[in-house]
Amino acid sequence: MKNLLVVGVGPHARRNHLPTLTAGREAGLVGTVIGVDLQHAADEIAAFNAAAAGQPLPVTLIAPFDPACRTLPAPVRDTLDRLVREHAIDAVVVSTEPAFHMVYTHWALGRGLSVLLDKPLSVHTNCSVDPYRASAILTDFDEVLGRYEAVRRTRPEVLVAVQCQRRHHPAFLRMRELIAEIAEETNCPLTSVQSFHSDGQWRMPNELIDISYHSFDQGYGKCAHSGYHFFDIVPWLLRAGETPGKELDSVEVHANFSRPGDFLAQLDLDDYARLFPEFEAGNPYTQSQLLTATESFGEVDAFVSMAYKSGGRTMTLGSINLVHNGFSQRGRFAPARANLYKGNGRVRHESHILQQGPFQAIHFHSLQTLAGDGDEEDGDAYGIGGRGHIEVHVFRNSGFNPRWKKYETLDYDALSTVTASGPQEPTQSSSRRRAVQEFLEYVNGLRGREEMSSELVDHRRGSTLMAGAYLSAAQQWTGGPAVARLDFRPNEGAAPRPDAGPGGGSTPDLMDVSL
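Now for a description of the structure that goes with this document. (Residues numbered from 1 in each chain as written. Predicted model: local features only at pLDDT ≥ 70, side-chain atom pairs only at ≥ 80, totals over all residues. Heavy atoms only, no water.)

Let's talk about the pairing of strand S7 (residues 192–198)
To keep it simple, the criterion reads: Whether a residue is buried, partly exposed or exposed follows from its accessible area with a 1.4 Å probe, protein chains only, as a fraction of its type maximum: under 20%, in between, or over 50%, in that order. Going along the chain from the N terminus, every DSSP run of H or I of four or more residues is numbered as a helix, and every run of E of two or more is numbered as a strand. Note: two strands are recorded as paired if DSSP finds a minimum of 2 bridges between them.
Among the seven residues that make up S7, five are buried, leaving the element largely enclosed by the rest of the structure. Strand direction decides the pairing type here: S7 and strand S10 (residues 313–323), joined by seven bridges, are parallel. In the strand pairing of S10, glutamine 194 is matched with serine 319. Across seven bridges, the pairing between S7 and strand S11 (residues 349–356) is antiparallel. Pairing of valine 193 across the sheet is with leucine 354, part of S11.

Quick look at the structure:
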């Protein structure tokens, strides 16, 4: 049994990681589990432990530090090192605020510890308004990958896995198989990809400032909150359609962001006062104060357009459209739960439309239809018909190939599978559990590296798209070009080289694409 250290035990870890680690303990895969979090989380963690049905989680509190730190402050590092020694820690789960992911990963690799790393791999304060901080998202990846490869030369068992649950989701696995089948028969890649995700999170104007969890005050927003899932899964699907001579090697990215100022124009404070009688008494800010305070905040919604190229020719056109401010079931001004992470009327909608030339079209739809103001569920049980609503529609050109089925629908039951680990449902929560389970099996020697679904080495393209979205937005913010052009080779692309430091000069439009 392996002993694990969970760095960051906020709502995400408590909901997704800790229950699976508890199940791993019951299955004989997990021994000791301890946590680390910031001092200001003490009351929240105490309440969580008080409500826990099983064994309380021992949590060591540390002082907050600047996310710009490239190495851990000595007191934090010494505390973590002590915990590793005292509890014989074998592996680390990093589930902190995204700006701290890299510094904890570097620390763990320096101790020869395997890491299960939350998405996104990296983000930088104000990356939506500063091109150099946007570029650093990609250079961070290259830096940690280099460190990882160096550590593995002497500690080959060390693994860094990234928790991107859609890679474990039965619907996405099936779609990838369908793409690969057509590519093998026709040599046709995916030619267009449209992806959409909405949180259905209705955030009140005062909450833009007063609630910091998954907020916008650090100069980034939706693209860094849940957006990396889509920056990851789209290249993962694209790769299934790549064939020799048609490998994707560059990408052009153009992002349009709506920020809090735009959000406050869509519904201004007078509108809120009419919608909620209690608004004026509960909101301490004027419209002017809100606009000034949120001027350089990150994106609420992001519509991102891509052109994926091979040898200068466009192979695939794509869009990834990400919405915080979408259809919601929230009906009250005061939130039922302060962090807004789940519940509070959040309603999730997701779709993907994939075209493979004239040969195949795939439509994926996952639609949550009901969530109460205080509902703690993530919506998997609130779909059309009373259960998680998921459908994959597959269209094939049977006129070209009569052996192909013209049309097929894959619903919840058809996408449910049975594996050696038991029944696997086509839901996000089930897929998240599988991601943690896979990591536990690896560190216990029950699964080989080649069987891992989401190792760090396979994440350069996702990091490239996320960096490209922020770079495009930041360049526009500073009066630069709207399009960011980046190398899109999987693991050997050149990192961007800005021609001046933060706050000076302009970022080159062409990002050192070496073809």
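Considerations on the sheet that holds strand S2 (residues 30–38)
Applied cut-off: Simply put, an axis is a line fit to the C-alpha atoms, just over the touching stretch for a helix, and the angle between two N-to-C directions goes from 0 to 180 degrees.
Overall, parallel pairing links the six strands, which are arranged S3-S2-S1-S4-S5-S6 in an open sheet. The strands lining the two open edges of the sheet, one partner per strand, are strand S3 (59–62) and strand S6 (160–163). Looking at each pair of strands side by side, their axes are set apart by 20 degrees on average, direction ignored. Two elements, strand S5 (residues 114–118) and S6, share four bridges in a ladder whose sense is parallel.

Things to note about the environment of alanine 23
Within the secondary structure, alanine 23 is located in helix H1 (residues 11–26). Counting along the chain gives 410 residues from alanine 23 to arginine 433, while the straight-line C-alpha distance between them is 9.8 Å.

Notes on helix H4 (residues 101–110)
With respect to burial, H4 is a largely interior element, nine of its ten residues being buried. Among all positions of H4, only His101, Met102, Val103, Tyr104, Thr105, His106, Trp107, Ala108 and Leu109 are buried. Just beyond H4, the residue with positive phi is glycine 112, at close to 70 degrees.

A short note on the environment of leucine 190
As a reminder of what qualifies: Contact between two residues is taken to exist if any of their heavy atoms lie within 4.5 Å; hydrogens are not considered.
Assignment of secondary structure puts leucine 190 in the loop between helix H6 (170–186) and S7. Sequence separation between leucine 190 and arginine 239 is 49 residues; the distance between their C-alpha atoms is 8.9 Å. Each residue touching leucine 190, except ones within four places of it in the same chain, is listed here: Ile179, Leu237, Leu238, Met315, Thr316, Leu354, Gln355 and Gln356.

So, the pattern of salt bridges
For side chains bearing opposite charge, pairing can occur when the charged atoms are close. How we decide: Criterion for a salt bridge: a side-chain nitrogen of Lys or Arg within 4 Å of a carboxyl oxygen of Asp or Glu.
Per the counting criterion, the structure on display carries 27 salt bridges. A salt bridge links arginine 155 to glutamate 157, with the shortest nitrogen-to-oxygen separation between them at 2.7 Å. Via salt bridges that share partners, Arg167, Asp232, Arg239 and Asp458 belong to a single interconnected network.

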